[in-house]
2 protein chains.
Amino acid sequence: MVVDRARRLDLVFHALAHPARRAMIRQLSMAGAGGERNLSELAAPLRMSFPAASKHVRVLEGARLVRRRIVGREHRCRLHAAPLRDATRWTEQFRRNWEARFRALDALLEEMQSGEANPHGHPRPQRR
Amino acid sequence: MVVDRARRLDLVFHALAHPARRAMIRQLSMAGAGGERNLSELAAPLRMSFPAASKHVRVLEGARLVRRRIVGREHRCRLHAAPLRDATRWTEQFRRNWEARFRALDALLEEMQSGEANPHGHPRPQRR
DNA sequence: GGTATATTAAACCAAATGGTTGTTGATCGA
DNA sequence: TCGATCAACAACCATTTGGTTTAATATACC
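Parameters at a glance
Residues numbered from 1 in each chain as written. Chains lettered and ligands numbered in written order. Predicted model: local features only at pLDDT ≥ 70, side-chain atom pairs only at ≥ 80, totals over all residues. Heavy atoms only, no water. Salt bridge = Lys/Arg side-chain N within 4 Å of Asp/Glu carboxyl O. Helix = DSSP H or I, 4+ residues; strand = E, 2+ residues; numbered from the N terminus. Expected span 1.5 Å × (residues − 1). Buried < 20%, exposed > 50% of the residue type's maximum accessible area, 1.4 Å probe, protein only. Axes fitted to C-alpha atoms, helices over the stretch in contact; angles between N-to-C directions. Parallel < 35°, antiparallel > 145°, perpendicular 65-115°, else oblique. Contact = heavy atoms within 4.5 Å. Nonpolar A, V, L, I, M, F, W, Y, C, P; charged D, E, K, R; others polar. Polar contact = N/O pair within 3.5 Å; in protein donor to acceptor, adjacent residues only side chain to side chain.

1. Regarding the pattern of salt bridges
Residue and element names in this part refer to chain B.
Logical step 1: Going through the model one piece at a time under the given rule, you end up with 13 salt bridges over all chains.
Logical step 2: R69 serves as the salt-bridge partner of E36, at 2.8 Å between the closest nitrogen and oxygen. Separated by 33 residues along the polypeptide, E36 in the loop between α2 (19-30) and β1 (37-38) and R69 in strand β2 (residues 66-71) bring together distant segments of the chain.
Logical step 3: As a salt-bridge pair, R89 and D86 come within 3.1 Å of each other at their nearest N and O atoms. With R89 and D86 both in helix α5 (residues 82-114) and three residues apart, the pair spans about one turn of that helix.

Written out as C-alpha cells, the structure is:
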C-alpha cells in the first residue's frame, strides 16, 4: 500500500496530537537508541485500560513512529525517529520563512527610522 | 478558560494533521509577515464547500496558529508562528536526544571494529 | 432601496476516535 | 500441567471530526 507524503504527515501529526501517545514517545526516547519497552511498560503509567493503550501504540505504528518486535509473549517497541524529522522539517519550513520575513520587516523599519527621517510623509506601517 | 501546555500541544498537532489546514498555513506563510488572507481566499483552492473551509480556519484559530481581524464583511486571517515553534521544540527535544544516542552507538561500534578486532568473539550487534 | 458578497449558523450525516468490558490465545515459570 | 502474564480481538458506546445543504446576517456597491 502506497502512502504518499501528505498522508504520511497526516498520520504523524495526528499521532502526536494525543498526550498518551506523546507520553509513550517520551518514554521510548528515555530508553535510548535501541532501547525498548513492551506494551505493559508503555501502558502502566497511563490511567487507562490496557486495550486503550494498545490502540494508541497501533496509531504510533501506523505513523511509523514506533516499530514492534515480538519476543515470546512480549511485544517490544522502539522509537523510530525519521517521521519525527519529517514533521519537524515541515513546521520549520514555514516557521522560518515566516520569521525571516518578520525580521526583514523589522530591518526595513529600522532603516526608515534612522537613515532617512520618513521623507515621503507616509505613516509608518504598524505591526500588532 | 485556562488551557495548559499539554492541551495546547494537542490542539496544535491536531490542527496540523489535516492537509487542508496545512495548505492554509502554507498559503498564509506565502503571504509573508503581516500578510493576510480572507476566508474566501483561503477556501478557494480547497475543493470543499465554504462552510467546511470556515470550520478548518476555526480549528487553526483554536490552536492559536491563526488570528482573525474583521474588517467590514471580510475576515482577514494572519499566521501566528509561536505555537508552531512550540510544536517544533517538542519534536526536536526527543528527536535530537534519540539521534544523539544513535550516533553514540555508532561511535562505539566503530571503536570496537577498528581498535580491537572483536577480541571476545561476541557477534557484532546489528542495527536495522 | 435593492442586490451582490462575505461569512456565520443550524441541521444533518457518515466515519473516525477514544474509551470500556469480556473473552480468547499464547507463553513463561513453578 | 497449572496458574499467572502479555497481548489481541470483538463488541459496544459516546463524542468528535469532517463534510454537506439550506437559511440567516451583515456589509459593500450601484
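2. Describing helix α1 (residues 5-16) of chain A
Logical step 1: Compared with the 16 Å implied by 1.5 Å per residue over 12 residues, the 17 Å span of α1 of chain A between its first and last C-alpha is a close match.
Logical step 2: Within α1 of chain A the residues assigned to the buried category are L9, D10, V12, F13, A15 and L16 of chain A.

3. Brief notes about unusual backbone geometry
Residues and elements named next belong to chain B.
Logical step 1: Positive phi outside glycine occurs at R47, with the angle close to 45°.
Logical step 2: In this fold, R47 is placed in the loop between α3 (39-43) and α4 (50-62).
Logical step 3: Phi at R64 takes a positive value of approximately 60°, unusual for a residue other than glycine.
Logical step 4: Within the secondary structure layout, R64 lies in the loop between α4 and β2.

4. Here's the deal with the packing of α2 of chain B against α4 of chain B
Residues and elements named next belong to chain B.
Logical step 1: Where α2 contacts α4, the two axes come as close as 10 Å, and the packing angle between them is 70°. By the angle class used here, α2 and α4 are roughly perpendicular. Contacts between α2 and α4 pair A20, R21, M24 and I25 from the former with A53, H56, V57, V59 and L60 from the latter.
Logical step 2: The residue makeup of the contact of α2 with α4, split by class, is seven nonpolar, one polar and one charged.

5. Focus on the side chain of D10 of chain B
Logical step 1: With respect to the element layout, D10 of chain B can be found in helix α1 (residues 5-16).
Logical step 2: Its relative accessible area of 10% is what places D10 of chain B among the buried residues.
Logical step 3: For D10 of chain B, the side chain forms a polar contact with the side chain of R22 of chain A, separated by 2.7 Å.
Logical step 4: Contacts of D10 of chain B, omitting those with residues within four sequence positions, involve A17, H18, P19 and R22 of chain A.

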